[in-house]
Every structure is written in structure tokens, then in C-alpha cells.
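One-letter residues, chain by chain:
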Amino acid sequence: MRIEGLKDGLLSGAFPVKIQPTWCNNNGYAVGIFYGDLFLYIPAMFRILGVPSNTAYKLYLFLINILTVIISYISFKKLSKDKLIGVLGCALYTLSLYRLNNIFIRSAVGEYTAMAFLPLILLGLYCVYSENIGEKEKQRSICFLVIGFTGVLQSHILSFEMIVLFTGIICIIFIKKTFRRCTLFILLKSVFITILINLWFLVPLLDFMGENLVINDNNRAINNVYWIQKAGLNITQLFISTFNKSDMPLGIGWVFVLTLFCVIYKIIIINNIDKEELLCFFLSLLSLLLTLKVFPYDFLCDKMGKYSILITNLQFPWRFLTLASLFLTWLTCVLVKSMSNNRYYLKKVVCFFGILLLSQLVYFEGTVIKNSDLVCVYDTLGYSSFPENGFEYMPTDTEVTKLNKTLSYSNNKILIKAFSQKYNEITVDVENTDSENGFIDVPLIYYKGYKAVDTSLGKEFETGYGKNNVMRVIIPANYLGTINLYFEEQWYWRMAEFISVFTLLIIVSYISFIKCRRIF
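From a predicted model like this one, the values you see are computed outputs, not experimental measurements.

1. Re the sheet that holds strand 5 (residues 450-454)
Right, so step 1: The five strands lie next to each other as 2-3-9-5-6, forming an open sheet whose pairing is antiparallel. In this open sheet, the two edge strands, each paired with only one partner strand, are strand 2 (414-422) and strand 6 (460-461).
Right, so step 2: Sheet analysis places strand 2 next to strand 3 (residues 425-432), joined by eight bridges and oriented antiparallel. Its bridge partner lying in strand 3, phenylalanine 419 is registered against valine 428.

2. A few points about the packing of helix 9 (residues 118-129) against helix 13 (residues 181-197)
Any two packed helices are characterised by how steeply their axes cross, that is the angle between the axes, and by the distance between the axes.
Right, so step 1: At a minimum axis distance of 10 Å, the contact between helix 9 and helix 13 shows a crossing angle of 155 degrees. The pairing of helix 9 with helix 13 is recorded here as roughly antiparallel in orientation. On helix 13, the residues touching Leu125, Val128 and Tyr129 of helix 9 are Thr183, Ile186 and Leu187.
Right, so step 2: The residue makeup of the contact of helix 9 with helix 13, split by class, is five nonpolar, one polar and no charged.

3. Remarks on the sheet that holds strand 1 (residues 408-409)
Right, so step 1: If you walk across this open sheet you meet the four strands as 1-4-8-7, and the pairing is antiparallel. Every interior strand has two partners, whereas the edge strands, strand 1 and strand 7 (463-465), have only one.
Right, so step 2: Here strand 7 runs beside strand 8 (residues 470-475); their pairing, made up of three bridges, is antiparallel. Residue pairing for strand 8: glycine 464 is matched across the bridge by arginine 472.

The rules behind these values
Residues numbered from 1 in each chain as written. Predicted model: local features only at pLDDT ≥ 70, side-chain atom pairs only at ≥ 80, totals over all residues. Heavy atoms only, no water. Pairing = 2+ DSSP bridges. Helix = DSSP H or I, 4+ residues; strand = E, 2+ residues; numbered from the N terminus. Axes fitted to C-alpha atoms, helices over the stretch in contact; angles between N-to-C directions. Parallel < 35°, antiparallel > 145°, perpendicular 65-115°, else oblique. Contact = heavy atoms within 4.5 Å. Nonpolar A, V, L, I, M, F, W, Y, C, P; charged D, E, K, R; others polar.

Dropping the structure here:
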């Protein structure tokens, strides 16, 4: 639906597409404001070219898989300074159980797209804090961090929230290094550039966070306080890799279980573990702890009061398996790297992990093929246009099932002579024979930004929430004319878009200048 919404939004002439027209029986939905969909413009363009929905989706998934392989290989190769371990890290991360779960079971487009960029953030932070990295490489970390955080933000807000949390934890762990002049400059510069590049998305997002929408309803958050902890995992679920229709696998997989046992063995029995292994181990355990029912989400929500919405909007604690997959991959690479002095044993260990990983993959895919149903979707007739659950971006108290394509008006003195709708734009010929103002309710979910303008006089009419939160247009007494209804971005949204594009052009020009200077 998000791909279809972008496709129809582009065909309507909107760019960027903030209110996707196809949703909710063509009543429109503000998913483009709250949910990063930059990369979904790719399959949307495939749809415009006539590619069926399921094929466009598969092409997008293929491209994201390639991107994940490339980024994870480069990141883990640089982290380990070893090509062989880079290949291992790439395989472990790309084929991690939770990522496969997101692709083949949940179809969690935002999450698996965000996962493609997470290794870059890890690499950037490693370059910033490592003592073995030169000054030039530390400056390059700005590039890694900006691309990484931008990619995650433009893919999945909740993944962005989680990685920001863990970035803050890492900064606190290395607090002395964090407040060094060089480190602080790199971090602040990365934050500043990331904000400027993503201002076009952040400004509308923050602007609508003040609107009366379901996602902002604190009463809804409070009612769900005790739900989020119940949605956590039992510790035994972390060791399950089998899929069936009633329960998807939310484990970490055999390879990562083996890694944890090896590290615990090193700590307890051998009593020999270096700082990098200890850091990886801590971050891995913390991210796994956050997935469990035993983590005190209820307590934190009670203490945070109205700000508990920051926690409850995570919905499912097991989303932290995204970061657990990243840190466990890093931990495995660090563990294997400790054997790098003996290349013979290193190759043997890599081969062993590879065989175990492939066995896990075959077992997982086997259960998916055996227990899941085949679904083919060629166009919007193949699925519902309503959100599957949550309705987060709708005005509060909207009765979703009653949203339709009908037009209603205040009384029988309002005469509709012609009506046409193209995506989120409606043209209506209307006459009000009454001596008092009337109104019409049109089939568009009302959001700030919708306008109603007389096509001949250019006069703008008053708009607001109508019955069931659709768009209501006030028709003046004794009015006769044609009204055009459409969504228009706020002027400060456009200003934010200009700043983002201008920032990007400056960065590209600067990089091009540096490369040209090196050539000549």
C-alpha cells in the first residue's frame, strides 16, 4: 500500500508525497509524513512503468539485499581489517535470523531497509572512538555516520530511535573520549549535517506531532503501558528458529548462540577477554535484555508519565533483535579475529561458522516454505486499502470502517451540480441557495494543509474537521461556483526541502572538488 500510495501520489503531481491518496478508500493517509519512504520511490517508479505490484516489491527486495551485502561487507572488513572476516560478517548479518524473519515472514519493509545501513553507523562510531584509527579515517567517519543515520531515518523511525539510544549509551561508556575536542567535533558535525539533509522529512514530522492524531494520543499510550511489556519475549524464545503459522521465530539463531557460549567460556573459564570483545558482549546482552518480558517497561512508563509514548510506540520489544543481530555479528567477528594470527585455524573456523549458518538458513527456509501460504498481489484489488492495525496517522476517534467515497452536505439547500476526484484533489460545482452558510463533507481524511479555493475568484474557503474527521468545507450563503480542494505543503516545509537539497548539493560539490584536485 505504501508503494501504491507513492505511485498514485507521484501521478497526481505531488513531490514529495506526504498524503498518499490510495489509502482508506481513496480518502488519503498521512503515512508519508510519519514514515520514511524515500527508498520506496524506487518500486513506485517500477509501478509507474507498468510493473506489477508483487514484481516491483521483489525487485526492491533484491536491490536492498545487494545493498545490505555491500555495506555489511565493507563495514565488517574495515572493522576487522581482514577480508575473510569481512565476508563472514557480511554472511552472518545478511542471513541473520531476525533479518530473514523481517523479509520472508513479516515483510517488514522499513526494518529490513534500515538494517542495510546499521553497519555503517557501527563503523562510524568505531572509527571515532578507536585509538588505532588515523586522523583522516576519523574524518571519514562523518560520512559513515551521516549516510548510516540518514538511511535508517528514511527507512524506519523506530529503528532510528533504537540506534540513537544505543549511540548515546556508547557515548556514555566512552565519556572521556566523547568530550575530547576532536571526537566531540566529529559527533556534532555528523549530527548537524544529518539534521540538515533530513530537514525536509523532520520538519513535517515534528509539525504533525502537534496535531490531534492517534499516534500523538497520550491516553492511548497510557492504556497500552502494560501491553508493551507483555509483548516481550520469554528467554527460551531467543533459542527457537522454527516457523509456524501461529508463532514466528524470534530467536537469534544457532551461530549467535554458539558465539555467546564461547564468550562466556572465555570470561569464566579462560578469564581472558579484551576490551572490544567485552564491549560487543555488553551491547549484545543489553539489546537482548530489551527484547524480554523481564525488562521493566511498565515501571519506566509509570515514571515517564505523558512521555511514556516514546516507549509504547515501539509496540514490540523484540524489535531490538535488529540491533542484537548487528552487535552479535560484530561480537562473532571479534571472536574469530582473535585467531587471525594463525590463518589456517582462522579459515577452518570461518568455514565452520559458514556451514552452521547455511544449515540454519536451510532449516529456516524449509519451515517457511512448508508452513506459510503463497500470496500473489498484482494491484490494489489484491489487498485492503486500510492499515492492518493501529491507524496511527489518522485523526483520533475516526471510525475507519465508515470511511467511503460519498459526499454529504449540511441540508437540502446545498446543491451539488458536478463532482470529480483525482487522487487527493477534488473539484466540485456547488450552489448554496440558503441565506445562511452551509457545508459539504468530502471523502478526504482532513489534515492540516488541505485548502478549498474558488477556481474563478481565487477566494479561499474555511475548512476543518467534518463528520468522522473527513474534510469539511464551509459554503457561504447564496454561493454559486466551482471549488477546488487540494493539499498544499506549508511554506516552512518547502523551506526545509530547499535547505536539504542545498546541503546535499554543497556536500556533492565539495566531494567532487576534492576528487578533482587529487586527480590534477
